[in-house]
Amino acid sequence: MSDSTDSTDSTDSTQPTRKHKALPKAQILIEALPWLTRHNGKTVVIKFGGNAMIDDDLKAAFAQDVVFLRHAGLKPVVVHGGGPQISAALDRHGLVSEFKAGLRVTTPEAMDIVRMVLAGQVQRELVGLLNEHGPFAVGMTGEDAHTITATQHRPVIAGEQVDIGRVGEITAIDTGAIEALLEDGRIPVISSIARSEDDGHVYNVNADTAAAALAAALGAETLMVLTDVEGLYEDWPNSDEVISRLTASQLEKLLPELSSGMVPKMRGCLHAVRNGVTTARVIDGRVQHSILLEIFTDEGIGTMVVPDEHTAQGES
């Protein structure tokens with residue numbers, strides 16, 4: 001009798017250890033459950049950029065994240081630019097990269113290279129990485145199916161409009177082709193090039209601006225912008241404290257104080273949440289799996305922008 005009891009006790013004593021080793025995995029899945037439920041069936045527009053575009057490990061992690069979202073019941077749409085790759089290609093062709101008002105001056109010769117790099121290099125690589133996990137990604141540009149239409153953008157510098165070439169200002173979005181792909185379970189990967197509204201040209205469009213416009217037109221739940229910083233800093237460069245959450249009005253007041261690189265990203269977030277997108281998030285693309293950390297954990301990372309009428313409750 002005592003031998004049987006001893007044997008049972010010995011066996012039972014090992015069970016808590018085995019359970020304990022597996023428990024963290026279960027806790028991670030349980031923590032993700034409310035966010036999986038909340039975002040199921042919702043469209044998420046992700047602007048792919050920064051170091052995540054040029055670091056092989058980060059690119060692979062990004063592709064895994066996007067495919068995970070698709071398998072988790074979300075509808076991811078990827079929008080990309082290609083600043084570093086475009087600059088390198090222009091340099092190889094002996095063309096100088098010049099910026100005015102934070103935008104690339106795009107001559108007709110430069111536009112040919114922009115188009116080639118975005119649609120023929122960056123997009124194809126990203127589509128390939130996503131499709132390593134299944135037949136999901138379909139590449140397209142804003143030209144296709146009139147997805148993005150633009151007219152020439154002339155920024156105002158020192159009180160005067162300046163001609164910076166084939167740089168577009170978005171005038172219309174047609175989401176038909178994107179919605180058809182999403183309905184078919186695909187992941188659209190969109191290069192930020194636009195067809196012309198009025199002069200027959202093709203335009204280079206800021207990818208942050210394009211992602212925000214598409215998110216609003218699609219009625220997306222979330223716009224996510226990958227950057228090379230942790231988020232929006234509260235008092236840069238005096239402090240590296242990141243603002244975790246702010247309303248549209250709070251962001252609007254901060255815009256004049258922001259660095260030129262952050263302005264199009266934060267303007268895009270502002271446009272998105274003022275045009276029907278529930279949340280816009282700027283997250284650190286240098287962190288592997290930052291997309292999953294932001295969407296599926298209680299803490300989240302980066303900076304989240306919400307419409308003015310939203311309360312702080314339930315906004316992760």
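For the structure itself, look to the data block above.
Note that the coordinates shown come from a computational prediction; the quantities given were computed from them, not determined experimentally. (Residues numbered from 1 in each chain as written. Predicted model: local features only at pLDDT ≥ 70, side-chain atom pairs only at ≥ 80, totals over all residues. Heavy atoms only, no water.)

Asks: What exactly am I supposed to notice about the side chain of Asp208 here?
Replies: Structurally, Asp208 is set in helix H6 (residues 207–218). In this structure the side chain of Asp208 is engaged in a polar contact, spanning 3.3 Å, whose partner is the side chain of Lys47. Setting aside residues no more than four positions away along its own chain, Asp208 makes contact with Lys47, Val225, Pro264 and Lys265. (Helix = DSSP H or I, 4+ residues; strand = E, 2+ residues; numbered from the N terminus. Polar contact = N/O pair within 3.5 Å; in protein donor to acceptor, adjacent residues only side chain to side chain. Contact = heavy atoms within 4.5 Å.)

Asks: Is there a simple way to think about the environment of Arg186 in this case?
Replies: With respect to the helices, strands and loops of the structure, Arg186 is situated in the loop between helix H5 (176–183) and strand E10 (187–191). Residues Arg186 and Val138 lie 48 residues apart in sequence; the distance between their C-alpha atoms is 6.8 Å. Apart from the residues within four sequence positions on either side, Arg186 is in contact with Pro135, Phe136, Val138 and Leu181.

Asks: What is the right way to look at the nonpolar core in this model?
Replies: A general trend in soluble globular proteins is that nonpolar side chains are found buried together. One finds Ile46, Phe62, Leu130, Ile291 and Phe296 to be the most contacted residues of the largest nonpolar core, which totals 43 residues. Secondary structure elements with two or more residues in this core: helix H1 (2–39), strand E1 (43–48), helix H2 (56–71), helix H3 (83–92), helix H4 (108–131), E10, strand E13 (222–227) and helix H9 (290–296). Ranked by the residues each element gives to this core, the list is headed by H4, at eleven residues. Residue contacts for Phe296: discarding those within four places in its chain leaves Glu31, Ala32, Trp35, Leu36, Phe68, Leu69, Ala72 and Leu74. In terms of nonpolar packing, the next biggest core, distinct from the first, is built from 40 residues, Met140, Val205, Ala215 and Ile243 among them. (Core = buried A, V, L, I, M, F, W, Y, C linked by side-chain atoms within 4.5 Å. Buried < 20%, exposed > 50% of the residue type's maximum accessible area, 1.4 Å probe, protein only.)

Asks: How should I be thinking about unusual backbone geometry in this particular structure?
Replies: Residues apart from glycine generally show negative phi values, whereas peptide bonds are mostly found in trans. Phi is positive for Ala145, close to 55°, though the residue is something other than glycine. Within the secondary structure, Ala145 is located in the loop between strand E5 (137–141) and strand E6 (148–152). Taking relative accessible area as the criterion, Ala145 reaches 47% and is therefore assigned partly exposed. Of note in the backbone geometry, His146 takes a positive phi value of approximately 55° without being a glycine.

Asks: In this structure, what is going on with the sheet that holds E6? I would like to understand it.
Replies: Across a sheet, paired strands are connected by hydrogen bonds in the backbone, their directions being either parallel or antiparallel. Taking strand neighbours across the sheet as the criterion, the four strands line up as E9-E6-E11-E12 in an open arrangement whose pairing is mixed. Each edge of the open sheet carries a strand with a single partner, namely strand E9 (168–173) and strand E12 (202–204). Averaged over all pairs of adjacent strands, the angle between their axes in this sheet comes to 50°, without regard to strand direction. The strands touched by H4 are strand E11 (193–196) and E12; relative to E12, the strand with the most contacts, the crossing angle is about 75°. (Pairing = 2+ DSSP bridges. Axes fitted to C-alpha atoms, helices over the stretch in contact; angles between N-to-C directions.)

Asks: Any chance you could explain a negative patch on the surface here in plain terms?
Replies: A grouping of Glu230, Glu234, Asp240 and Glu241 is seen on the molecular surface, where their side chains present a negatively charged patch. With respect to the element layout, Glu230 can be found in the loop between E13 and strand E14 (245–247). (Patch = residues over 30% accessible without salt bridge, like charges linked within 9 Å, V, L, I, M, F, W, Y side chains within 5 Å. Areas by Shrake-Rupley, 256 points an atom, 1.4 Å probe, with all protein chains shown as cover. Salt bridge = Lys/Arg side-chain N within 4 Å of Asp/Glu carboxyl O. Lys, Arg positive; Asp, Glu negative; His and termini not counted. Charge placed at Lys NZ, Arg CZ, Asp CG, Glu CD.)

Asks: Sorry, what's going on with the packing of H2 against H4 here?
Replies: Each pair of packed helices can be summarised by the angle the axes make with each other and by the distance between the axes. At a closest axis distance of 9 Å, the pairing of H2 and H4 adopts a crossing angle of 60°. Judged by the angle between their axes, H2 and H4 are oblique. Where H2 crosses over H4, the handedness of that crossing is right-handed. Touching Lys59, Phe62, Ala63, Val66 and Val67 of H2 are Glu125, Leu126, Leu129 and Leu130, all from H4. Grouping the amino acids of the contact of H2 with H4 by side-chain chemistry returns seven nonpolar, no polar and two charged. (Parallel < 35°, antiparallel > 145°, perpendicular 65-115°, else oblique. Left-handed = near helix turned anticlockwise from the far one by under 90°. Nonpolar A, V, L, I, M, F, W, Y, C, P; charged D, E, K, R; others polar.)

Asks: Is there a simple way to think about H3 in this case?
Replies: Owing to its 3.6 residues per turn, the α-helix brings residues three or four apart onto one side. When H3 is considered as a whole, its buried residues turn out to be Gln85, Ile86, Ala89 and Leu90. Angular distribution of buried residues about the axis of H3 spans 135°; they occupy a single face of the element. Along H3, exposed side chains directed more than 90 degrees from the buried face belong to Asp91 and Arg92. Lining the buried residues of H3 we find strand E4 (103–104) and H4. Backbone geometry just downstream of H3 places Gly94 in the positive-phi region, at approximately 75°. (Arc of directions from axis to C-beta.)

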